[in-house]
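What follows is the residue order along each chain.
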Amino acid sequence: MKQLQNYKWRNWSSTSNCSPERMYYPSSIHDVVAIVEAATKNHKKIRVVGAGHSFTNLVMTEEWLVSLDNLTGVKEVDDNNHTVTVYGGTRLYDLSKALEKLGYAQENLGDINLQSIAGAISTGTHGTGIQFGSIPTQVKELTFVTAGGNLLTLNEENNVELFKASLVSLGMFGIIIEVKLQVVPSPVYRYISDHVYYPNLLNNLDKYILDNQHFEFFMFPYAEQVQTKTMNPTNTSPKSIKLHQWNNLILENYMFQAVSHLCLLTPSLSRSISRLSAKLVNKATINAKSYQLFATPRKVRFIEMEYGIPLEHFKEAIQEIRETIVQNQYTVHFPIECRTVKHDDIWLSPSYKRDSAYIAFHVYKGMEYRTYFRDMETIMKKYNGRPHWGKMHQQKTKDFRKMYPKWDRFIQLRELVDPEKIFINRYLDELFYNDERVKV
Ligand SMILES: Cc1cc2nc3c(=O)[nH]c(=O)nc-3n(C[C@H](O)[C@H](O)[C@H](O)COP(=O)(O)OP(=O)(O)OC[C@H]3O[C@@H](n4cnc5c(N)ncnc54)[C@H](O)[C@@H]3O)c2cc1C
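Residues numbered from 1 in each chain as written. Predicted model: local features only at pLDDT ≥ 70, side-chain atom pairs only at ≥ 80, totals over all residues. Heavy atoms only, no water.

Peer 1: So what's going on with the overall build of the chain? Which residues, and what values?
Peer 2: For the chain, the helix and strand inventory stands at 13 helices and 21 strands. Taken over the C-alpha trace, the chain has a radius of gyration of 21 Å; the compact-globule value for 440 residues is 22 Å, and the two agree within 12%. Considering the chain as a whole, with its 440 residues, one finds that 59% of them fall into the buried category. A separation threshold of at least 6 residues defines the contact pool for the chain, and within that pool the share at least 24 residues apart is 73%. For the chain, the exposed area adds up to about 18500 Å²; of that, 49% sits on carbon and sulfur atoms. Charged side chains in the chain number 52 positive and 46 negative. The centres of these two groups are separated by 5 Å. (Helix = DSSP H or I, 4+ residues; strand = E, 2+ residues; numbered from the N terminus. Rg over C-alpha atoms; globule rule 2.2 N^0.38 Å. Buried < 20%, exposed > 50% of the residue type's maximum accessible area, 1.4 Å probe, protein only. Contact = heavy atoms within 4.5 Å. Areas by Shrake-Rupley, 256 points an atom, 1.4 Å probe, with all protein chains shown as cover. Lys, Arg positive; Asp, Glu negative; His and termini not counted. Charge placed at Lys NZ, Arg CZ, Asp CG, Glu CD.)

Peer 1: Help me get a handle on the site of the ligand, residues and values and all.
Peer 2: Around the ligand there are 36 residues in total, and Val-48, Gly-50, His-53, Ser-54 and Thr-123 lie nearest to it. Gly-50 has a polar backbone atom sitting 2.7 Å from an oxygen atom of the ligand. Contact between the ligand and Ala-51: an oxygen atom at 2.9 Å from a main-chain N or O atom of the residue. Listed by contribution, the elements that provide at least two residues to the shell around the ligand are β5 (46-49), α3 (117-122) and β12 (175-182). The element that contributes the greatest number of residues to the shell around the ligand is α3, accounting for four residues. Of the residues in the shell around the ligand, the class split is 15 nonpolar, 16 polar and five charged. (Near = heavy atom within 4 Å. Polar contact = N/O pair within 3.5 Å; in protein donor to acceptor, adjacent residues only side chain to side chain. Nonpolar A, V, L, I, M, F, W, Y, C, P; charged D, E, K, R; others polar.)

Peer 1: Help me get a handle on a positive patch on the surface, residues and values and all.
Peer 2: On the surface, a cluster of positive charge is made up of Arg-10, Lys-299, Arg-301 and Lys-365. With respect to the helices and strands, Arg-301 occurs in the loop between α8 (290-294) and β18 (302-310). (Patch = residues over 30% accessible without salt bridge, like charges linked within 9 Å, V, L, I, M, F, W, Y side chains within 5 Å. Salt bridge = Lys/Arg side-chain N within 4 Å of Asp/Glu carboxyl O.)

Peer 1: Account for the sheet that holds strand β7 (residues 74-78), naming residues and giving values.
Peer 2: Taken in spatial order, the five strands make up an open sheet running β7-β8-β12-β10-β11, and their pairing is antiparallel. Strand pairing shows two members of the sheet lacking a second neighbour, β7 and β11 (150-155), which therefore form its edges. Neighbour to neighbour, the strand axes of the sheet diverge by 15° on average, direction disregarded. Sheet topology places strand β10 (residues 139-146) next to β12; six bridges connect them, and they run antiparallel. By the bridge assignment for β12, Thr-143 is matched with Glu-178. Running over the sheet, helix α2 (residues 92-102) touches β7, β8 (83-87) and β12 and is turned about 145° from β8. (Pairing = 2+ DSSP bridges. Axes fitted to C-alpha atoms, helices over the stretch in contact; angles between N-to-C directions.)

Peer 1: Now, about the pattern of salt bridges: what can you tell me, with residues and values included?
Peer 2: Considering all chains together, one arrives at 23 salt bridges under this definition. The salt bridge partner of Arg-401 is Asp-408, with a shortest N-O separation of 2.7 Å. Note on Arg-401: relative accessible area 12%, which makes it buried. Each of Glu-304, Glu-306, Glu-337, Arg-339 and Lys-391 takes part in a single network of salt bridges with overlapping partners.

Peer 1: Got a sec to walk through the nonpolar core? Specific residues and values, please.
Peer 2: Side chains of a nonpolar character, in soluble globular proteins, are inclined to be buried together. If you look at the biggest cluster of nonpolar residues, it comprises 58 residues, and the most contacted ones within it are Ile-117, Val-179, Trp-389, Phe-410 and Phe-432. Judged by nonpolar contacts, the second largest core, of 49 residues, contains Cys-263, Ile-303, Met-367 and Phe-373. (Core = buried A, V, L, I, M, F, W, Y, C linked by side-chain atoms within 4.5 Å.)

Peer 1: Just give me the short version of the packing of helix α6 (residues 242-265) against helix α7 (residues 270-280), but keep the residues and values in it.
Peer 2: In the contact formed by α6 and α7, the axes pass within 10 Å of each other and the chain directions differ by 165°. With respect to α7, the axis of α6 lies roughly antiparallel. Along this stretch, α6 crosses α7, giving a crossing that reads as right-handed. Residues Leu-251, Met-255, Phe-256, Val-259, Leu-262 and Cys-263 of α6 lie in contact with α7, whose contacting residues are Ser-270, Ile-273, Ser-277 and Leu-280. (Parallel < 35°, antiparallel > 145°, perpendicular 65-115°, else oblique. Left-handed = near helix turned anticlockwise from the far one by under 90°.)

Peer 1: How would you summarise the pairing of strand β6 (residues 64-67) if you had to cite specific residues and measurements?
Peer 2: Residues Trp-64 and Val-66 point to one face of β6 and Leu-65 and Ser-67 to the other, with burial holding for every one of them. Where β5 meets β6, four bridges bridge the pair, whose relative direction is parallel. Bridging across to β6, Ile-46 finds its partner in Trp-64.

Peer 1: Before we move on, can you summarise helix α1 (residues 29-41) with the specific residues and values?
Peer 2: The end-to-end C-alpha distance of α1, which contains 13 residues, comes to 18 Å, matching closely the 18 Å that a straight helix rising 1.5 Å per residue would cover. Within the span of α1, buried status applies to Asp-31, Val-32, Val-33, Ile-35, Val-36 and Ala-39. Phi for His-43, located one or two positions after α1, is positive at around 55°. (Expected span 1.5 Å × (residues − 1).)

Peer 1: Please give an account of the packing of helix α9 (residues 314-328) against helix α10 (residues 370-382) that cites residues and values.
Peer 2: Across the interface, α9 lies against α10 with an axial gap of 10 Å and an inter-helix angle of 155°. Judged by the angle between their axes, α9 and α10 are roughly antiparallel. In terms of crossing hand, the pair formed by α9 and α10 is right-handed. Residue-level contacts link Ala-317, Glu-320, Ile-321, Thr-324 and Ile-325 of α9 to Tyr-372, Met-376, Ile-379, Met-380 and Lys-382 of α10. Its residues placed into classes, the contact of α9 with α10 shows seven nonpolar, one polar and two charged.

Peer 1: With reference to specific residues and values, describe the side chain of Asn-155.
Peer 2: Within the fold, Asn-155 resides in strand β11. Using a relative accessible area of 9% as the deciding quantity, one classes Asn-155 as buried. Side-chain polar atoms of Asn-155 contact the backbone nitrogen of Glu-157, separated by 3.0 Å. Among the polar contacts made by the side chain of Asn-155, one reaches the main-chain amide nitrogen of Asn-158 at a distance of 2.7 Å. Beyond its immediate sequence surroundings of up to four residues, Asn-155 is in contact with Lys-140, Glu-141, Val-160 and Phe-163.

Below, the structure written as structure tokens:
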């Protein structure tokens, strides 16, 4: 098994970095068990990294870091039940390609596909479409290596409580080595990117959400034009998406990178650049396989905060966001990404028991983001928002306890599988245990 010392790790956005004492790349389940056994014996803490695409300090450790980059791929396919079992380190882009060969697809994905399946599940990664839950809702079964090196397989039948707790558990239950996913026969979608005026969007928002399988919109600060993206099944055959990908690369990446750099050098340009970007948005209609359309390249580095709020507050919230931005004249040019997600019953999922509108705020890497994020977070909290676990936020244990009815029970169950807290780092300790009420 590959093993490194003096390793320097940093996440995608460079908002988190660390120097773990050891970095392990297990290539079998046996290797993973051996690492966890050794860590338990030597009182070492372990964190697992997927693709490092979370913005917070979830992965950070000075002790042992484990990557499942050598434990990937499809293990089993069940054509009767439309499920596949994959190894925890499998990246979503590899999974999509493998599923396509088998005639399947994931029913929904987020806007990139670089994440590992285990990382995406553990943080509640989501796409858009009110008929679809987040990625963890696609999971039928999870297999962990828990503290002491024990194998634990969880599903709704063998332990529904532990299963629902473990689905969004930020690496705190142990190392996810296998995931059984519900998949769908690979669909062809028609994707339409368009411009609409904000008042028209607001008037027709319910219709947009209900009439489309997948709908999202990008609200540019200070601009009247909003970009809408819809995706729906079509019987038309798929076409090459090379031109679309090329346009995306040029407009949404290289050109956007150039103007973002201008904003970094001269922040006061942000307002006009935001308005210009809204006008330049690519209008397009494309028919292609769903997995080719869900994800787009994101070459411009940014810092992101995202909250899920109850769907019924969507309109009020975006109106307040727009007004606050204009009032306070933040120097921000990145559009605000707005999506919808169906309710679920996963204990720490931001969509737990409520259909949700997810609103994401981005700032170009290197530009000031704190005041903007703080003020937007106040709005999100006013509407009972719950933060995305992989993105920036300022919430504490006492806030989470109010947000999540199963919070205390989650901690009790977590302790059953990891009583010595070997899977907890300083950041998670602060987030989950900084409260008198929970006995550790
Ligand atoms: C450009 C960009 C676009 C994004 N788009 C979206 C989006 O559209 N929708 C959305 O919801 N989110 C989005 N995100 C956030 C991202 O999907 C999540 O933060 C996700 O967790 C990242 O997956 P990862 O593999 O990088 O996990 P990491 O960030 O490496 O890890 C995340 C958590 O998962 C745990 N983990 C990883 N592997 C395992 C394992 N094998 N066993 C147990 N625990 C494990 C880690 O310990 C950590 O707690 C985006 C992020 C970026 C940078």
